[in-house]
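Remarks on the overall topology
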Amino acid sequence: MLLGAVADDLTGATDLALMLAREGMRTIQVVGAPQDDLDIDEADAVVVALKSRTIPAAEAVELSLAATEWLIAGGAEQIVFKYCSTFDSTPKGNIGPVLDALQAKLGVPLAIACPAFPTNGRTVYQGHLFVGDMLLSDSPMKDHPLTPMTDANLMRVLGAQSKSTIGLVPFITVAEGAAAIRAAFDAARQRGCGVVIVDAVTDDQLRAIGEAAADMKLVTGGSGIALGLPGNFRRAGKLRTSAAAEFRVPPGRGVIFAGSCSAATRRQVAHAMDAGLPALRIDPLSIASGKLDVPAVVEWIVSRPEALPLVYSSADPQDVAAAQEALGRHAAGEIVETLLGSVAAALRERGFSRFIVAGGETSGAVVKALGVPVLRIGPEIDPGVPWTVSVDDCPVALALKSGNFGSDDFFLKAWSQLA
Ligand code: ADP
């Protein structure tokens, strides 16, 4: 292993694994805390997918440190801490506390933080994060059910979470290329900065940042921050070329779960319903009151053998707020995640083998319930979202989509790729 990564959610891990695979690294994705006996001999890069974005900060730190220790023991020369390209977090964390802990563990005086992912419209300029042409704080992320993002100034957001002094490597320096960026890192280190936010608005700039970070033991950001890292290993003669492993999709029925309330997922749900997919709306209040339970949802899905059924809890901000008021923010989310996880496990027992899931936390819950240990990355459906296949005795195909990713016809597009 050359590169080890710890991702704070499952779809983010898949996004990063796809990026590394596309850049020529043989990459595997481990789901949850890695087992000691896992065979990683064939991998150049290993991405550990945690579900640590919204758990208590101390637990996120503990899980991230353990995963990092395992990656280092497996030979990783560089560690990537991957979080969301919309910097999903709260004033309590978990990006800052995990970053601080990894830095201390690895003995790194300066780390970089760059969530930019230009292909999906996330850019960083003067330390401010944009989603398309909007500041993060004006984007639909301000209404996220678990991590509402109400400030686009990443120095301020990270400063509230981290013990480090936060600096900036601005666009004007980044545009000059790798040597200038490296000099800015040195200067920031000398000024006593512990972390620098790095501006980036294009993939070429991300590649230059990656090149400048060749000697940094810890790199943090969205998947884009890894664009330039495989090139460093290739230039150092450490990366072997190899044929891509064949991607085999198991036969069986499919289902779509949408547990994200993001604007993109709500459009995708509407598009799928317009296209005639049978759809069942589930909501936290019906589950909590016992009106809706796992057997009823399973029965609804199983009794539609000719179709690709869609089960969704995606709702607009008012409905989400009403559910959260009645049940509490976390409980409202958890009740949906738990139900979908149990439904997925029951469907697998009944021969379902193809799952399309919208939402990072939701995907984490589904994959955990399915007990999938390792994912192999397959063809890309939309930027940052590949098909994956579980590596276990009874493989399932999974398309795991971060809520805001994908075009409006994502669900049908994903399904048609398996035909
Ligand atoms: P995203 O990728 O858009 O962030 P996630 O799945 O990570 O999506 O997060 C969405 C969270 O919102 C999950 O915890 C999910 O269970 C919760 N959720 C889904 N539907 C509702 C709803 N109708 N009301 C309240 N919370 C919901």
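This structure is a prediction, so every number in the text was calculated from the model and none was measured.

**Focus on the site of the ligand**
- The ligand sits among 21 residues. The nearest are His144, Ser260, Glu337, Glu361 and Thr362.
- Between the ligand and glycine 360, the relevant distance is 2.9 Å, taken from an oxygen atom to a main-chain nitrogen or oxygen of the residue.
- In the model, an oxygen atom of the ligand is placed 2.6 Å from a nitrogen or oxygen of the threonine 362 side chain.
- Within the complex, the protein chains bury 96% of what would otherwise be the 570 Å² of accessible surface of the ligand.
- Counting only elements with at least two residues in the shell around the ligand, the list comes to helix 12 (317-327), helix 13 (329-349) and helix 14 (360-370).
- Considering only residue class, the shell around the ligand consists of eight nonpolar, eleven polar and two charged.

**Quick look at the side chain of lysine 82**
- Position of lysine 82 among the secondary structure elements: in strand 4 (residues 78-82).
- Buried and unpaired, lysine 82 has aspartate 15 as its nearest opposite-charge partner, separated by 4.5 Å.
- Ignoring any residue separated from it by four or fewer positions in sequence, one finds lysine 82 in contact with Val6, Ala7, Asp8, Gly12, Asp15, Leu16, Gly221, Gly222 and Ser223.

**Considering the environment of glutamine 103**
- Within the secondary structure, glutamine 103 sits in helix 3 (residues 95-106).
- Along the chain, glutamine 103 and leucine 218 lie 115 residues apart, while their C-alpha atoms are 7.1 Å from each other.
- Once residues lying within four places of it in the same chain are set aside, the contact partners of glutamine 103 are Val108, Pro109, Leu110, Ala111, Ser164, Gly194, Val195 and Leu218.
- Here glycine 194 takes part through its backbone oxygen, which lies 2.8 Å from a polar atom of the side chain of glutamine 103.

**Examining the UniProt feature "domain: Four-carbon acid sugar kinase nucleotide binding" (unreviewed entry) in the protein chain**
- UniProt's feature table lists "domain: Four-carbon acid sugar kinase nucleotide binding" (unreviewed entry) at residues 256-411, given in the numbering used throughout.
- Span residues 256-411 is 46% helix and 23% strand, its end C-alpha atoms 8 Å apart.

**Points about helix 12**
- Considered for burial, the residues of helix 12 that qualify are Val320, Ala323 and Gln324. For helix 12, the angular spread of the buried residues around the axis is 100°, confining them to a single face. Pointing more than 90 degrees away from the buried face of helix 12 are the exposed residues Gln318, Glu325 and Ala326.
- The inward-facing, buried residues of helix 12 contact helix 10 (284-289) and helix 13.
- Residue glycine 328 follows helix 12 closely and has a positive phi angle near 100°.

**Looking at the sheet that holds strand 6 (residues 122-125)**
- Spatially, three strands are ordered 6-7-8 in an open sheet, and the strand pairing comes out antiparallel. Across the chains shown, the open sheet's two edge strands, defined by having one partner strand only, are strand 6 and strand 8 (134-135).
- The pairing of strand 6 with strand 7 (residues 128-131) spans four bridges and is antiparallel. Residue pairing for strand 7: arginine 122 is matched across the bridge by valine 131.

Criteria and cut-off values
Residues numbered from 1 in each chain as written. Predicted model: local features only at pLDDT ≥ 70, side-chain atom pairs only at ≥ 80, totals over all residues. Heavy atoms only, no water. Near = heavy atom within 4 Å. Polar contact = N/O pair within 3.5 Å; in protein donor to acceptor, adjacent residues only side chain to side chain. Areas by Shrake-Rupley, 256 points an atom, 1.4 Å probe, with all protein chains shown as cover. Helix = DSSP H or I, 4+ residues; strand = E, 2+ residues; numbered from the N terminus. Nonpolar A, V, L, I, M, F, W, Y, C, P; charged D, E, K, R; others polar. Buried < 20%, exposed > 50% of the residue type's maximum accessible area, 1.4 Å probe, protein only. Lys, Arg positive; Asp, Glu negative; His and termini not counted. Salt bridge = Lys/Arg side-chain N within 4 Å of Asp/Glu carboxyl O. Contact = heavy atoms within 4.5 Å. UniProt positions renumbered as here; feature names shortened; annotations may be inferred. Arc of directions from axis to C-beta. Pairing = 2+ DSSP bridges.

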